[in-house]
Amino acid sequence: MSIAIHQAICLRDNYLVLLRDEETGRTISIDAPDAAAITAALKQKEWHLTDILVTHKHHDHVGGIAALRETFGCAVIAPTRAKIDVPDADRYCDDGDNITIGNLDFEAMATPGHCDDHMAYYSRRKALLFAGDALFAMGCGRVLEGKPEILYHSLMRLADLPDETSVYCGHEYTVANARFALSVDGTNPDIASRTAEVEALRQREAMTLPTTIGLEKRTNVFLRAGSAEKFVALREAKNRF
Ligand SMILES: [Zn+2]
């Protein structure tokens, strides 16, 4: 079974991610940041959108749902805890649920911290993780609801996935994250070389994602914090950086 993945940057720094099961034609949008940009990408690929997988309730992730639904009649799968903001999903999911779309299957992983309803989607067979705004390349989401320790716990769950897992995220924040990482752990050669790499990529407006769990374990200071206490201090320092 083969799949195709297309990603691009939309709005200011959101990622548009489309995933297609070539055998069945089922085509998934991870979130719906920008209906016009997603529709244009689908048209260019000659793909028909069948499903939207929602990671969390923020407007820059769900704002395009209504328009995409009207255009494509696609199904919407959202976290149960996002129900107030995504009121008419076709299916709601909770931690540990299995979601099958064509030949693809995902495990819903509750990853609160950025917000209470946050869900990541993991395909073990394809070694793919859609991490939304929980984990970013060299960084993590801001804590907008609840305690930062909750996000730390969520990130530790993601860090336990196999190193080779490809990770797609909700935003292109890598350069800012890299600069913070250097300020925290400037003698780490992996962080130094990755910083140079991602700065060069962004200079020519190329994307720095996807990343992998293994690369994040080497270069993401939040995953490397070592304790919830140190993580909380780092998250606070990043807010002020
Ligand atoms: Zn968000």
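Here goes a summary of the coordinates provided. (Residues numbered from 1 in each chain as written. Predicted model: local features only at pLDDT ≥ 70, side-chain atom pairs only at ≥ 80, totals over all residues. Heavy atoms only, no water.)

Attention now moves to the sheet that holds strand β14 (residues 211-212). If you trace the six strands from one edge of the open sheet to the other, you get β7-β8-β9-β10-β13-β14, paired in mixed fashion. The open sheet has two edge strands, β7 (98-101) and β14, and neither has a second partner. When strand β10 (residues 128-130) meets strand β13 (residues 166-168), the two strands line up parallel, connected through three bridges. Within β13, the residue paired with Leu129 across the bridge is Val167. Those strands touched by helix α4 (residues 148-159) are β8 (104-110), β9 (119-123) and β10, and its axis lies near 150° from that of β8. (Pairing = 2+ DSSP bridges. Helix = DSSP H or I, 4+ residues; strand = E, 2+ residues; numbered from the N terminus. Contact = heavy atoms within 4.5 Å. Axes fitted to C-alpha atoms, helices over the stretch in contact; angles between N-to-C directions.)

Quick look at the packing of aromatic side chains now. This structure, assessed with the given rule, holds seven aromatic pairs. For the ring pair Phe106 and Phe130, a centre distance of 6.2 Å and an interplane angle of 65° mean the geometry is edge-to-face. With a gap of 24 residues between them, Phe106 in strand β8 and Phe130 in strand β10 connect regions that are remote in the sequence. Its relative accessible area of 1% is what places Phe106 among the buried residues. Ring geometry for Phe130 against Tyr168: centres 5.4 Å apart, planes inclined by 25°, an arrangement best described as stacked. Residue Phe130 is found in strand β10, and its partner Tyr168 is found in strand β13; the two are separated by 38 residues along the sequence. (Phe/Tyr/Trp six-rings, centres within 6.5 Å; stacked < 30°, edge-to-face > 60°. Buried < 20%, exposed > 50% of the residue type's maximum accessible area, 1.4 Å probe, protein only.)

Here we take up the pairing of β7. Residues Ile99 and Ile101 point to one face of β7 and are all buried, whereas Asn98 and Thr100, pointing to the other face, are not buried. The sheet contact formed by β7 and β8 spans four bridges and is antiparallel. Bridge pairing links Asn98 to Glu107 in β8. In sequence, β7 turns back onto β8 through a hairpin of two residues, with Gly102 there showing a positive phi of about 60°.

Next up on the list: helix α6 (residues 189-203). When the terminal C-alpha atoms of α6 are compared, their 21 Å separation across 15 residues agrees well with the 21 Å that a helix rising 1.5 Å per residue should span. For α6, the set of buried residues is Ile191, Arg194, Thr195 and Val198. An end-on view of α6 places all buried positions within 110° of arc, on one side of the element. Turned more than 90 degrees from where α6 packs its buried face, Pro189, Glu197 and Gln203 sit exposed. Structurally, α6 contributes buried residues whose contacts are with α5 (174-184), β14 and α7 (213-219). (Expected span 1.5 Å × (residues − 1). Arc of directions from axis to C-beta.)

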